[in-house]
Amino acid sequence: MKKTKNDIMILEFIHQRKATSRVELSKLLNISEAAVSKRVKMLIDEGYLKENREKNRKTGGRNARGLEINRDIGRVIGIYLGLENITISLSDIEGKILKTEKQRIEQITKVKEQTFKLLKKFIQSEKVIGIGVGMNGIVDSQRGISVYSAPYGWNNVEIKEELEREYKVPVFLENGVNLIALYEKYIGSCKENSNFIVLNIGTGVKAGIILEDRIFSGKNFTVGEVGHIPYDFSKEAYICSCGNKGCIETLLSNWCIERKVHKLVGKEMEYDEIIQKANRGDKVYKEVILEMIPVLSTMIFWLTTMINPEKIVIYGKLYKCDEFFWRELKRKIKECSLTSKSTPIIEKFEYDSNLIAQGAIILVMNNIFRYV
């Protein structure tokens, strides 16, 4: 059956739980109940929808029969191509995670081959109707191209085309931090927010921006590359991975903090240990962590001035810092804000690569009914 525009809207409204009956669909689509019933019958006959009597309810004296997506329509796969691991999650059409597998990248130059091999295990045993892929770097989400990935040495790699050719299902590609933002919007703490920012601070610094409930990527998909904003113009400034000196990434990323501590104490230490010592009140380590606040608060101030988000969610190992850090950061942000109303809510969470795979699943579910 070739689906009409109304068919797609019916499926999306029911999937997003904006409607569960023919009566509600008629109102949302502004077409007659008879026309809706005709399309719904065809979608039921084709296996996209099914009736659920538990969702039946009285509407204006009549019994409105409940509708839901048929879970047997197929499974969805979410993939995150990380720096060290490949993460693949399998879910039903409602987004319930059924299985997750994580595999360490064996050879960075053969990450595609390894991904295809791992993916094949899922495809062979399940009826898969869509694949979502998240990765680092600049991603052209419209064409499904990895424009630039420094860790993999990729330039204009056509991931979508390669996967669709191999597995004959729709594939959707997006930047990893944007998928964390999508996770926050649909599952996390930002379900009630239309405008918010996710900052992921780890090996680099990246922002995922949701405006009016949608991912904002900009003209060339480089929006959110806040880690490459110049900040330190001194002669001693570190060289960034982008080739410039003194970018925010060289002041906030995990490797920068580890290098700074090594220079101060002459000892190589993991970031987690540095935070532990700072939390215990060790002056040297606490000062190193607190030195991040002027940089981080300035970046947040820029973002707030331009976008005016309701909330900023920070992911990364900074999550483990005690209140001495977060209290001072919030104080500084409030001090810098133009008005009290423009001060965003600050929340923090520990980074988990599984969230990107889940975000990739959400990406598929938001688009899949136009293709299946």
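A brief structural summary. These numbers come from a predicted model, not from an experiment.

**Side note on the packing of helix α1 (residues 5-15) against helix α2 (residues 22-29)**
Here's step 1: In contact at an axis separation of 11 Å, α1 and α2 are set at 120 degrees when each is read in the N-to-C sense. Viewed along their axes, α1 and α2 adopt a mutual orientation that is oblique. Seen along the crossing, α1 lies across α2 with a hand that is right-handed. Taking contact as the criterion, the partners of Asn6, Met9, Ile10, Phe13 and Ile14 in α1 are, on α2, Leu25, Leu28 and Leu29.
Here's step 2: Of the residues contributing to the contact of α1 with α2, the split by class is 7 nonpolar, 1 polar and no charged.

**A look at the packing of aromatic side chains**
By convention here, two paired aromatic rings are described through the distance between centres and the angle between planes.
Here's step 1: This structure, assessed with the given rule, holds 5 aromatic pairs.
Here's step 2: Considering the side-chain rings of phenylalanine 172 and tyrosine 371, the 5.4 Å spacing of their centres and the 70 degrees angle between planes classify their relative orientation as edge-to-face. Separated by 199 residues along the polypeptide, phenylalanine 172 in strand β12 (residues 171-175) and tyrosine 371 in the segment after α13 (354-365) bring together distant segments of the chain.
Here's step 3: Each ring, one from phenylalanine 325 and one from tryptophan 326, has its centre 5.0 Å from the other, and the planes form 90 degrees; the classification is edge-to-face. For the pair phenylalanine 325 and tryptophan 326, a shared accessibility class is recorded, and that class is buried.
Here's step 4: The cationic tip of lysine 99 hangs over the ring face of phenylalanine 122; the distance from NZ or CZ to the ring centre is 4.6 Å.

**Considering the pattern of salt bridges**
Here's step 1: Per the counting criterion, the structure on display carries 24 salt bridges.
Here's step 2: One salt bridge connects arginine 71 with aspartate 92, and the closest N-O pair in it is separated by 3.9 Å. Highlighted residues: arginine 71 in the loop between β4 (67-69) and β5 (75-81) and aspartate 92 in the loop between β6 (85-91) and β7 (97-104), separated in sequence by 21 residues.
Here's step 3: Taking relative accessible area as the criterion, arginine 71 reaches 43% and is therefore assigned partly exposed.
Here's step 4: Judged by relative accessible area, which is 4%, aspartate 92 ranks as buried.
Here's step 5: For glutamate 328, the salt bridge is made with arginine 331, and the minimal N-O distance between the two is 2.7 Å. With glutamate 328 and arginine 331 both in helix α12 (residues 323-336), this residue pair falls 3 residues apart, about one helical turn.
Here's step 6: Through salt bridges that share partners, Asp272, Lys317, Lys320 and Glu350 make up one connected network.

Definitions and cut-offs
- Residues numbered from 1 in each chain as written.
- Predicted model: local features only at pLDDT ≥ 70, side-chain atom pairs only at ≥ 80, totals over all residues.
- Heavy atoms only, no water.
- Axes fitted to C-alpha atoms, helices over the stretch in contact; angles between N-to-C directions.
- Helix = DSSP H or I, 4+ residues; strand = E, 2+ residues; numbered from the N terminus.
- Parallel < 35°, antiparallel > 145°, perpendicular 65-115°, else oblique.
- Left-handed = near helix turned anticlockwise from the far one by under 90°.
- Contact = heavy atoms within 4.5 Å.
- Nonpolar A, V, L, I, M, F, W, Y, C, P; charged D, E, K, R; others polar.
- Phe/Tyr/Trp six-rings, centres within 6.5 Å; stacked < 30°, edge-to-face > 60°.
- Buried < 20%, exposed > 50% of the residue type's maximum accessible area, 1.4 Å probe, protein only.
- Lys NZ or Arg CZ within 6 Å of the ring centre and 35° of its normal.
- Salt bridge = Lys/Arg side-chain N within 4 Å of Asp/Glu carboxyl O.

The values reported here are purely geometric and, on their own, carry no functional implication.
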